[in-house]
Amino acid sequence: MNRLSLADKLALDKFAVDEGKPHISINNELCQTCTDRACLRVCPAGLYSEQDNGIIVEWAGCLECGTCRVVCSPGAITWHYPRGGFGIVYRQG
Ligand code: SF4
Ligand code: SF4
């Protein structure tokens, strides 16, 4: 049996996007004091990026792993699960 790569497994996932209702928001004032910018490395989906010296997150593709909640400076991001019926639908374990 062929084993799927991580990228292949992620490609199987589906997202029910709650348009206009991001479940992650960023306080870029606090991000300006964050020199490590771990978000750029730790998000398994690579959703964080730098833009105009600030940080943006493409929240619609969130895997809801919670890693960014742990590594971010206190208060720098607001994170909650998407409301019921929205968010990621895992289809491979
Ligand atoms: S919860 Fe996980 S997948 Fe979602 S943005 Fe944070 S690190 Fe990325
Ligand atoms: S989102 Fe979190 S890790 Fe990224 S720059 Fe802001 S505080 Fe730092």
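Keep in mind the model is a prediction, meaning the values are calculated, not measured. Along each chain, numbering runs from 1 in the same order as the chain's sequence is written. A letter from A marks each chain and a number from 1 marks each ligand, given out in the order of writing. In keeping with the model being predicted, local features are shown solely for residues with a pLDDT of at least 70 and side-chain atom pairs are shown and tallied solely at 80 or more, while totals for entire chains, interfaces and linings include all residues. Only heavy atoms go into the side-chain values, all of them from the structure, while hydrogens and water stay out.

**Some thoughts on the site of ligand 2**
- The rule for a residue being near a molecule or strand is that one of its heavy atoms must lie within 4 Å of it. All residues in the neighbourhood of ligand 2 are listed as Cys31, Cys34, Arg37, Ala38, Cys39, Ile55, Cys72, Ser73, Ala76 and Ile77.
- Only Asp, Glu, Lys and Arg are considered charged, only Ala, Val, Leu, Ile, Met, Phe, Trp, Tyr, Cys and Pro nonpolar, and every remaining residue, Gly among them, polar. A breakdown of the residues in the shell around ligand 2 according to their chemical character gives eight nonpolar, one polar and one charged.

**Overview of the pattern of salt bridges**
- By convention in these notes, a salt bridge is any Lys or Arg side-chain nitrogen within 4 Å of a carboxyl oxygen on Asp or Glu. Under the definition given, this model contains three salt bridges.
- Between Arg83 and Asp18 there is a salt bridge; the shortest N-O distance is 2.6 Å. Highlighted residues: Arg83 in the loop between β5 (77-79) and β6 (87-89) and Asp18 in the loop between β1 (14-16) and β2 (24-26), separated in sequence by 65 residues.
- Relative accessible area decides the class of each residue, using a 1.4 Å probe on protein chains only: under 20% of the type maximum gives buried, over 50% gives exposed, and in between gives partly exposed. On the accessibility criterion, Asp18 (8% relative accessible area) is buried.
- Arg37 is paired through a salt bridge with Glu50; the nearest N and O atoms lie 2.8 Å apart. Helix numbering and strand numbering both begin at the N terminus, where a helix is a DSSP run of H or I of at least 4 residues and a strand a DSSP run of E of at least 2.

**Observations regarding the site of ligand 1**
- If you check the shell around ligand 1, you find 13 residues, and the closest are Cys43, Cys62, Cys65, Gly66 and Cys68.
- Of the residues in the shell around ligand 1, the class split is 10 nonpolar, two polar and one charged.

**Here we look at the pairing of strand β4 (residues 54-57)**
- With four bridges joining them, strand β3 (residues 48-51) and β4 adopt antiparallel strand pairing. When the bridges of β4 are listed, Tyr48 appears paired with Val57.
- Strands are treated as partners if at least two bridges between them are detected by DSSP. Hairpin geometry of β3 and β4 is characterised by an intervening segment of two residues between the two adjacent antiparallel strands and by a positive phi of about 50° at Asp52.

**Overview of the nonpolar core**
- Formed by 14 residues in total, the largest nonpolar core has its most connected members in Ile24, Tyr48 and Trp79.
- For this core, the elements supplying multiple residues, two or more each, are β4 and β5.
- Residues within four places of Tyr48 in sequence aside, it is in contact with Ile24, Ile26, Cys39, Leu40, Cys43, Ile55, Ile56, Val57, Cys68 and Ile77. What makes a nonpolar core is a set of buried Ala, Val, Leu, Ile, Met, Phe, Trp, Tyr and Cys residues whose side-chain atoms join them at distances within 4.5 Å. Residues are treated as being in contact if the distance between any of their heavy atoms lies within 4.5 Å.

**Looking at the packing of aromatic side chains**
- Working definition: rings of Phe, Tyr and Trp (its six-membered ring) pair if their centres are within 6.5 Å, and the pair is stacked with planes under 30 degrees apart, edge-to-face with planes over 60 apart, and tilted otherwise. Here the structure, examined in full by the defined rule, presents one aromatic pair.
- Centre to centre, the rings of Trp79 and Tyr81 are 4.9 Å apart; their planes meet at 80°, and the pair counts as edge-to-face.

Fair warning: the whole summary comes from geometry, so function is off the table for now.
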